[in-house]
Amino acid sequence: MKGNIRILIVLSSGILFAIAMFFSECRDKGKNLEPDKRGSAYANPQTCISCHKDTYNSYTHTAHFHTSSAIDGNKLQAESMANTHIFIFNDKLKITIDKRKDGIYQTAIFEGKQIRSERFDIAFGANEKAQTYGYWKGNRLYELPLSFFKIINNWANSPGFPPDLVYYDRAIVSHCFECHGSYLEKTFVQTGPIKVAEEYDKKSIMYGIDCQRCHGPAANHVQYHFDNPTDKKAKYITTYNSLNRQLKVNMCAVCHGGNDLKTEKSTFGYKPGDNLASFYDPDFGFNASADVHGNQAKLLAMSKCYLNSPSLTCTTCHNVHEQEKSDPVLLSQKCLDCHKEQTHNFCKMGPQLGNAITGKCIDCHMPTLPSKLISFKMSAMKGASQYLLHTHRIAIYPEQTNQILSLIKNAQHSN
Ligand code: HEC
Ligand code: HEC
Ligand code: HEC
Ligand code: HEC
Ligand code: HEC
Ligand code: HEC
Ligand code: HEC
């Protein structure tokens, strides 16, 4: 009997030891990582993987995750995609893209002589549609004159740059990082009587958008769940469904509410539940001239779908944890959740179009429109090309309807 008890004690303490080891390993996984640069309220971004593995892994394939990056040597996807490596301003002036040992450069050449050459150091944009680049000069960051545009698979003059001279002096402001990154430390330096420049601590930059940019600081959440592994109910983190609709949309609008707005304070500190008015100037609100670029929140808010339904939010149509393929047919399916023939609020064109309507709701009601803020100039061309985005003002667009109708007719004729 005594022996049995002893075996039992040895066995159970062995099991307890194994369990203890397992959990301390779990906890150490979090603890051994470097502390987060944003301060002790934040967990190292990689800790999330221990408990949210699937979400974490799929998230690393998204445009949000890749929306800014340091360029590693001379590896740059856009460079291998580009049709040409030269951009012509006029018969005297051009920029070439040169690949060298220590990186890729944009080199300006005037009448055969090199006048300026700067390296691709940082990329902005996951290159879904475009990518813009920065180069370092000390601790200041400047934009390179050429950007990459996928629609032409080529380099073009960076948006807003002068059309017939090379320009290397536009500073990349910290606000770009507030929407395209997760953190950065900056100082202001006086550069003239009324001029200040931003200088960045390069080592402080956190590229891409991490989980805590949307979900807020999560160190306590992480600590609690490492300490209480059997509690399956989320603690110390904001539950999305506990927010009212405006606050849900704000979680996206902090970056999708217009990049022409002036910030009152850095949006790096934004967390779910915060009011946007404390980050942006008071003119934040409806705006008839809202641009299709970067302003999905305002455009959606002007749609009857949004105004007349209590629940429509960004996540009705988007799952931000996954890289969504551009799939207008699948997205058109979302419209049918609310607009059906049975509920008598289906498309008025339904009877006329029959089956041809399937998968085309987006084409007519959220058509691509040119951005008013962004256009680009191609090599050796005069005038600017359009930068097209889907409008989020869901409405009736007679002109686009006519275009789609003639496409449908042509398809039917050729059948
Ligand atoms: C030690 C385990 C653990 C770690 C590490 C962890 N979480 Fe969680 N988290 C949980 C558990 C358990 C839940 C509740 C069950 C669920 O929703 O998966 C949860 C839920 C959540 C939720 C949903 C909250 C809700 O109620 O809607 C979010 C958001 C979240 N975690 C974010 C994060 C982020 C961001 C990180 C990394 C900084 C992280 N978690 C790291 C255990 C963890
Ligand atoms: C921290 C800023 C930020 C927040 C918060 C944010 N976004 Fe974005 N979002 C961006 C940026 C920047 C891009 C452009 C990414 C790229 O292509 O480089 C983007 C791109 C997207 C895209 C296009 C992705 C693609 O694959 O082309 C969708 C859709 C989107 N965001 C939806 C949302 C939704 C929904 C939310 C809220 C749940 C949200 N975003 C919150 C900054 C943000
Ligand atoms: C662009 C903003 C954004 C980013 C970045 C983001 N999330 Fe979320 N997450 C959301 C939104 C919005 C919801 C609510 C979705 C819903 O309920 O419709 C959500 C929901 C969740 C939930 C609740 C369960 C679920 O899957 O719906 C967990 C857990 C979670 N996120 C973890 C993470 C982790 C871990 C990361 C980083 C790998 C991350 N999120 C990155 C916006 C974001
Ligand atoms: C207020 C937030 C915000 C600011 C500030 C901002 N952007 Fe963006 N940017 C976005 C969003 C959102 C998108 C993607 C959707 C769109 O175009 O509407 C985007 C798209 C882009 C793209 C195209 C990405 C792709 O994958 O196609 C580039 C390049 C870009 N931004 C560069 C910049 C640069 C450089 C700055 C600073 C001068 C900047 N952005 C400032 C929100 C912002
Ligand atoms: C959450 C429900 C919901 C979703 C999802 C939704 N709508 Fe709506 N939509 C409404 C409501 C409510 C109205 C107001 C009219 C009504 O009551 O039928 C409306 C109105 C409209 C109108 C009339 C607009 C006008 O200006 O007269 C169009 C067109 C429309 N929706 C198209 C779409 C399309 C296309 C989609 C998918 C991209 C979509 N809707 C998704 C709820 C929704
Ligand atoms: C009724 C459905 C619906 C809602 C709601 C919705 N979107 Fe979209 N979104 C779309 C469609 C459709 C596209 C075009 C997708 C494509 O071509 O792959 C799109 C594309 C985008 C893009 C990429 C830009 C582009 O033109 O390709 C961004 C960024 C985006 N949405 C952000 C948001 C944000 C932020 C919200 C909330 C304010 C939101 N969306 C709400 C349907 C929706
Ligand atoms: C070829 C372009 C086209 C396509 C494709 C299309 N629509 Fe429409 N839709 C229109 C036009 C034009 C109107 C306005 C017709 C009128 O008022 O006579 C309209 C009207 C509507 C309305 C308002 C109905 C009302 O009672 O006023 C809704 C809702 C709608 N469409 C939803 C959809 C949905 C959902 C789809 C996809 C299944 C879709 N539409 C596909 C062009 C289109």
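Heads up: the structure comes first, above all this text.
Residues numbered from 1 in each chain as written. Chains lettered and ligands numbered in written order. Predicted model: local features only at pLDDT ≥ 70, side-chain atom pairs only at ≥ 80, totals over all residues. Heavy atoms only, no water.

Caption draft 1: Molecular detail of the site of ligand 3. Ligand 3 sits among 15 residues. The nearest are Tyr 59, Cys 211, Cys 214, His 215 and His 321. At 2.8 Å from a nitrogen atom of ligand 3 is found a side-chain nitrogen or oxygen belonging to His 215. His 321 has a polar side-chain atom sitting 2.9 Å from a nitrogen atom of ligand 3. Among the elements of the structure, helix H3 (53-59) and helix H6 (211-215) are those that each provide at least two residues to the shell around ligand 3. Class assignment for the residues of the shell around ligand 3 results in eight nonpolar, six polar and one charged. (Near = heavy atom within 4 Å. Polar contact = N/O pair within 3.5 Å; in protein donor to acceptor, adjacent residues only side chain to side chain. Helix = DSSP H or I, 4+ residues; strand = E, 2+ residues; numbered from the N terminus. Nonpolar A, V, L, I, M, F, W, Y, C, P; charged D, E, K, R; others polar.)

Caption draft 2: Region of the structure containing the coordination of the iron atom of ligand 6. Coordination of the iron atom of ligand 6 by the protein comes from His 318 (NE2) and His 392 (NE2), over a distance range of 2.0 Å. Owing to a relative accessible area of 17%, His 392 belongs among the buried residues under this scheme. (Donors = N, O, S within 2.8 Å, 3.2 Å for Na, K, Ca; no water. Buried < 20%, exposed > 50% of the residue type's maximum accessible area, 1.4 Å probe, protein only.)

Caption draft 3: Structural view of the environment of Gln 46. Within the secondary structure, Gln 46 sits in the loop between helix H1 (2-31) and helix H2 (48-51). Counting along the chain gives ten residues from Gln 46 to Tyr 56, while the straight-line C-alpha distance between them is 8.7 Å. Setting aside anything within four residues of it in sequence, one finds Gln 46 in contact with Leu 33 and Tyr 56. (Contact = heavy atoms within 4.5 Å.)

Caption draft 4: The arrangement of the site of ligand 5 in detail. Lining the immediate environment of ligand 5, one finds 16 residues, of which Cys 305, Cys 335, Cys 338, His 339 and His 365 sit closest. Contact distances for ligand 5 include 3.3 Å between an oxygen atom and a side-chain N or O atom of Lys 304. Within the side chain of His 339, an N or O atom sits 2.9 Å from a nitrogen atom of ligand 5. Elements with a contribution of two residues or more to the shell around ligand 5: helix H10 (304-307), helix H11 (328-335) and helix H13 (361-365). For the shell around ligand 5, the element with the most residues is H13, which contributes three residues. A breakdown of the residues in the shell around ligand 5 according to their chemical character gives nine nonpolar, five polar and two charged.

Nothing here speaks to function; it is all geometry.
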